[in-house]
Amino acid sequence: MTSTMRAAVITAAQHFEIQQRAIPVPAPGSALIAVALAGICGGDLQQYRRATGALATIPGHEACGTVASAPGHAALEGRRVVFDPQVHWCGHCEWCAKGHTEVCAQRRYLGAHVDGTFAQFVAVPIDRLYPIPDSMTWEEAASVHGLAGPVFASQRFVHHIGETVAVLGPGAAGLLFVQLAKKCFGASTVILAGRSAHRLALGMQLGADAVVNTLTDKLSDAVLALTGGRGVDVIIETTGNVQLRQELPALAALRARVLSYATGPIGFDSLKCLSVFGSTGATRSMQPALDLIASGRIVTGPLISHRYPLDDIQQAFDTAIGDAKGDYVKGVIDLTQ
Ligand SMILES: [Zn+2]
Ligand SMILES: [Zn+2]
């Protein structure tokens, strides 16, 4: 094995450079993973747009691959795995002690604090690895962390069987929330709202009962019309669109729960007795997400709309941001090429 690898690094806003980097040497307790596919997520796009974070760090955190070496854990070598990108928490602060490691102030992520997955190899602590079944494709495996976030977030509050749900934003996360609401949490009606006819149609295929195109229709009017003026019990906001976020109380039923899965202030109406929830991290939902995909319950294959070799990563990110054709859902970088 040569001692260097190809890696993509953001060197300035909206600029990637493919560099030769030393292959990481796994510390005791860590494994070296040969990356197969690495997904592009909203966080990566933000890093790329503004060149935030440590510029020398290799970005990327949603990936799968094969264990190339695992000192002291030979049985792992050759296993196909996915991994939790939150590689560190302190283990003894108030929040870690309560089991909420995802909000530990010392938390560290692949691709943000340490070198990530847009490279041929990445080092990952062994206790963050999740072996995948032989039947699982790399495409499905690359989606596990992308599903783990929505699974974790969905568990912030109790879902009652037969409720109505509105999912705002038919991106990869929104399309997973649609499936979770319908197939796992027993929603009676799931309304999906967004601006891309292509993604809304995909949402209908994946289980949405109705769609609202917010380019042509006012969201709250459309949702009220679809629910007989009552509004929905659960709103899942994934767009970060400021105007849309302020409109939320108008489509909420009394006592509705609102899940904010994007950043920014969100509309609130105390007289409607709304509850608003946020979420970050996915450590404790990696295995459930893996199992949901392995069992075929949640479908992720159709969400991968674009695939690029590492050398074309800049084009991949520009396509994700521009989305000129409105058909982008999720891009992956293929490290096997
Ligand atoms: Zn992500
Ligand atoms: Zn801690």
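Residues numbered from 1 in each chain as written. Chains lettered and ligands numbered in written order. Predicted model: local features only at pLDDT ≥ 70, side-chain atom pairs only at ≥ 80, totals over all residues.

A short note on the overall build of the chain
Now for step 1: Check the secondary structure of the chain and you find eleven helices and 17 strands.
Now for step 2: The C-alpha atoms of the chain give 20 Å as radius of gyration, which agrees with the globular expectation for 337 residues (20 Å, within 12%).
Now for step 3: In terms of principal-axis extent, the alpha carbons of the chain reach across some 65 × 45 × 35 Å.
Now for step 4: For the chain, with 337 residues in total, the buried portion stands at 47%.
Now for step 5: A separation threshold of at least 6 residues defines the contact pool for the chain, and within that pool the share at least 24 residues apart is 65%. (Helix = DSSP H or I, 4+ residues; strand = E, 2+ residues; numbered from the N terminus. Rg over C-alpha atoms; globule rule 2.2 N^0.38 Å. Buried ≥ 20, exposed ≤ 12 C-beta atoms within 10 Å, placed from the backbone. Contact = placed C-beta atoms within 7 Å.)

A look at unusual backbone geometry
Now for step 1: Although it is not a glycine, Gln14 sits at a positive phi angle of roughly 55°.
Now for step 2: For Asp323, which is not glycine, the phi torsion reads 45° and is therefore positive.
Now for step 3: Mapped onto the secondary structure, Asp323 falls in the loop between α11 (313–322) and β17 (330–334).
Now for step 4: Among the residues examined, Asp323 registers 17 C-beta atoms within 10 Å and is labelled partly exposed.

Quick look at the domain arrangement of the chain
Now for step 1: Each domain of the chain was delimited in the assignment, giving domain 1 (4–149 + 282–334) and domain 2 (157–277).
Now for step 2: The centre of domain 1, based on its C-alpha atoms, is set 28 Å off from the matching centre of domain 2.
Now for step 3: With twelve residues of domain 1 at the interface, the matching set in domain 2 holds 13 residues.
Now for step 4: A total of three residues in the side of domain 1 that touches domain 2 trace back to one element, the largest contributor, which is helix α4 (residues 144–154).
Now for step 5: Considering only residue class, the side of domain 1 that touches domain 2 consists of six nonpolar, three polar and three charged. (Domains from an automatic or database assignment. Nonpolar A, V, L, I, M, F, W, Y, C, P; charged D, E, K, R; others polar.)

So, the environment of Ser135
Now for step 1: Mapped onto the secondary structure, Ser135 falls in the loop between β9 (129–131) and α3 (138–142).
Now for step 2: As a C-alpha pair, Ser135 and Ser295 span 160 residues in sequence and 10.0 Å in three-dimensional space.

Let's talk about the sheet that holds strand β14 (residues 252–260)
Two modes of strand pairing occur in sheets, parallel and antiparallel, and in both the strands are linked by backbone hydrogen bonds.
Now for step 1: Read across the open sheet, the six strands follow the order β12-β11-β10-β13-β14-β15; overall the sheet is parallel. A strand with exactly one partner marks an edge of an open sheet, and here the two such strands are β12 (210–213) and β15 (275–277). With direction set aside, neighbouring strand axes in the sheet form an average angle of 20°.
Now for step 2: Where strand β11 (residues 189–194) meets β12, four bridges bridge the pair, whose relative direction is parallel. When the sheet's bridge partners are listed, Leu192 is paired in β12 with Val211.
Now for step 3: Contacts from helix α7 (residues 219–226) reach β10 (164–168), β11, β12 and β13 (232–237), with the element oriented near 160° to β12. (Pairing = 2+ DSSP bridges. Axes fitted to C-alpha atoms, helices over the stretch in contact; angles between N-to-C directions.)

Side note on helix α5 (residues 172–184)
Now for step 1: Compared with an ideal rise of 1.5 Å per residue, which puts 13 residues at 18 Å, α5 spans 17 Å between its outermost C-alpha atoms and is within 8% of the ideal.
Now for step 2: Most of α5 sits inside the fold, with ten of its 13 residues counted as buried.
Now for step 3: Of the surrounding secondary structure, the elements contacted by the buried residues of α5 are α4, β10, β11, α6 (197–205), β13 and β17.
Now for step 4: Positioned one or two residues after α5, Gly186 has a phi angle of 70°, which is positive. (Expected span 1.5 Å × (residues − 1).)

Let's talk about the nonpolar core
Now for step 1: Residues Cys64, Ala166, Val167, Ile191, Val232 and Ile235 are the most contacted members of the largest nonpolar core, which totals 104 residues.
Now for step 2: Looking at this core, the element that brings in the most residues is α5, giving eight residues.
Now for step 3: Here this core spans two domains, and each of domain 1 (4–149 + 282–334) and domain 2 (157–277) adds at least three residues to it.
Now for step 4: Once residues lying within four places of it in the same chain are set aside, the contact partners of Ile191 are Ala166, Ala208, Asp209, Ala210, Val212, Val223, Leu226 and Val232. (Core = buried A, V, L, I, M, F, W, Y, C linked by C-beta atoms within 7 Å.)

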